[in-house]
Amino acid sequence: MKPELDERYSRQVLFAGIGLNGQKRLIESRVAIVGCGATGSALASLLARAGVGTLRIIDRDYVEASNLQRQTLFDESDAAESLPKAVAACRKIAAMNSQIVAEPHVRDLRPENIDEMLGGVHLILDGTDNFETRYLVNDYAVKNSVSWIYAAAVGSYAITMNVVPGETACLSCIFPQSPTGALETCDTAGILNSAVNFAASVAATEAMKLLTGAKQQLRRTLLSCDLWRNQRAEVSAEKPRADCRTCGQKEFVHLAGIGRPHITLCGRNSVQIHEHDRPIDLSEMSARLQAHGSVRHNDFVLKFWKEPFEMTLFPDGRAIIKGTTDTAVARTLYARYVGS
Ligand SMILES: [Zn+2]
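Residues numbered from 1 in each chain as written. Predicted model: local features only at pLDDT ≥ 70, side-chain atom pairs only at ≥ 80, totals over all residues. Heavy atoms only, no water.

Student: For this particular structure, what's the right way to read the pairing of strand S12 (residues 302-306)?
Tutor: In the case of a regular strand, side chains alternate between the two sheet surfaces. Where strand S11 (residues 294-297) meets S12, 4 bridges bridge the pair, whose relative direction is antiparallel. Bridge pairing in S12 places Val295 opposite Phe304. Pairing of S12 with strand S13 (residues 309-313) involves 5 bridges; the strand directions are antiparallel. In the strand pairing of S13, Lys303 is matched with Thr312. Connecting S12 to the next strand, S13, in antiparallel fashion are 2 residues. (Pairing = 2+ DSSP bridges. Helix = DSSP H or I, 4+ residues; strand = E, 2+ residues; numbered from the N terminus.)

Student: Where do I start with the environment of Val164 in this structure?
Tutor: Along the chain, Val164 turns up in the loop between strand S6 (157-163) and helix H9 (171-174). With 135 residues separating them in the primary sequence, Val164 and Asp299 have C-alpha atoms 39 Å apart.

Student: Sorry, what's going on with helix H6 (residues 85-96) here?
Tutor: The α-helix winds at 3.6 residues per turn, so residues separated by three or four positions along the chain end up facing the same way. Its 12 residues give H6 an end-to-end C-alpha distance of 17 Å, which sits within 8% of 16 Å, the value for a rise of 1.5 Å per residue. Listed as buried for H6 are Lys85, Ala86, Val87, Ala88, Ala89, Cys90, Ile93 and Met96. (Expected span 1.5 Å × (residues − 1). Buried < 20%, exposed > 50% of the residue type's maximum accessible area, 1.4 Å probe, protein only.)

Student: Would you take a moment to explain the coordination of the zinc ion for this structure?
Tutor: When four donors bind a metal tetrahedrally, each ideal donor-metal-donor angle is 109.5 degrees, and when six bind octahedrally, the ideal angles are 90 or 180 degrees. Donor atoms from the polypeptide that coordinate the zinc ion comprise Cys170 (SG), Cys173 (SG), Cys244 (SG) and Cys247 (SG), at 2.2 to 2.3 Å from the metal. Considering all 4 donor atoms around the zinc ion, the spread of angles at the metal, 97 to 121°, places the coordination shape in the tetrahedral class. (Donors = N, O, S within 2.8 Å, 3.2 Å for Na, K, Ca; no water. Tetrahedral: all angles 85-135°; square planar, octahedral: opposite > 155°, others 65-115°.)

Student: How should I be thinking about the packing of helix H3 (residues 19-27) against helix H11 (residues 193-212) in this particular structure?
Tutor: Contact geometry of H3 with H11 gives a least axis separation of 9 Å together with a crossing angle of 100°. The angle between H3 and H11 places the two elements in the roughly perpendicular class. From H3, Gly22, Arg25 and Leu26 reach across to H11, where they touch Met208, Leu211 and Thr212. Grouping the amino acids of the contact of H3 with H11 by side-chain chemistry returns 3 nonpolar, 2 polar and 1 charged. (Axes fitted to C-alpha atoms, helices over the stretch in contact; angles between N-to-C directions. Parallel < 35°, antiparallel > 145°, perpendicular 65-115°, else oblique. Contact = heavy atoms within 4.5 Å. Nonpolar A, V, L, I, M, F, W, Y, C, P; charged D, E, K, R; others polar.)

Function cannot be inferred from these measures alone, as they are strictly geometric.
So this is what it looks like as structure tokens:
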């Protein structure tokens, strides 16, 4: 280890569970964080400071003012600029630890790009806000024998589970079906920043155990806590279920789900259009849209306001349309102003 690293990580190396060998293993580790909202921010921040050598940050969204209460890697200027979260996160990480590599990927994790996005990492961390992406990650992780850690928070409730393919239960063992019906989300139930950081702290600790090889210390349960109501529950996730569709029968239906429908983002009154893989020149588009409404762009993102809608357009052709939950309306708007 370089002398300057001795000082930076000295208190962590002093901790018997990590030690010098553990620290070296962290530095050699590559970790993907899927989704960089509140949970992803906390995970990325903890692991960057802990010295995980490469962090791959994958996020499709941009920073907004309502994120700042809990998404600790972002500040007011990121929201004012509508910076993509992956880009803003990697800038902050570079400022807190220039000795590690943080790779921003402004992408929506999809079956079509998941090999490229998650290839070569030692561990995948869940910073997403939806079960669709979690099942996709679970399929990939089980198929490729890569560990991943489920983590989520809503209201004052936090939940997390380690998935070590071939050893522990996977997400589908515990939840064979995606929870349906009126799920509470951050947009309906609100969220305490402390609940997010609790879930992320537990998950980041488990990540350090996995990356340093302290497998005997791993928690093998689905842990949930309600920090406001002082409730805590643990369900065993010790063993895979033989009849599990994913890890038992090796049916990877989510990985095969090419051509999925449009996603309606959770309760935010917005629709994402992600089927168009069409590179877009944002300054050219900006000039074109000026006649139709107000428009603003930077290198990463273009915003177009056409009452009552707000469209955010990314260079790969993806768009988030606010002001509707009707996919047909969103599709029409996209076709009219961007192309069909
Ligand atoms: Zn399973």
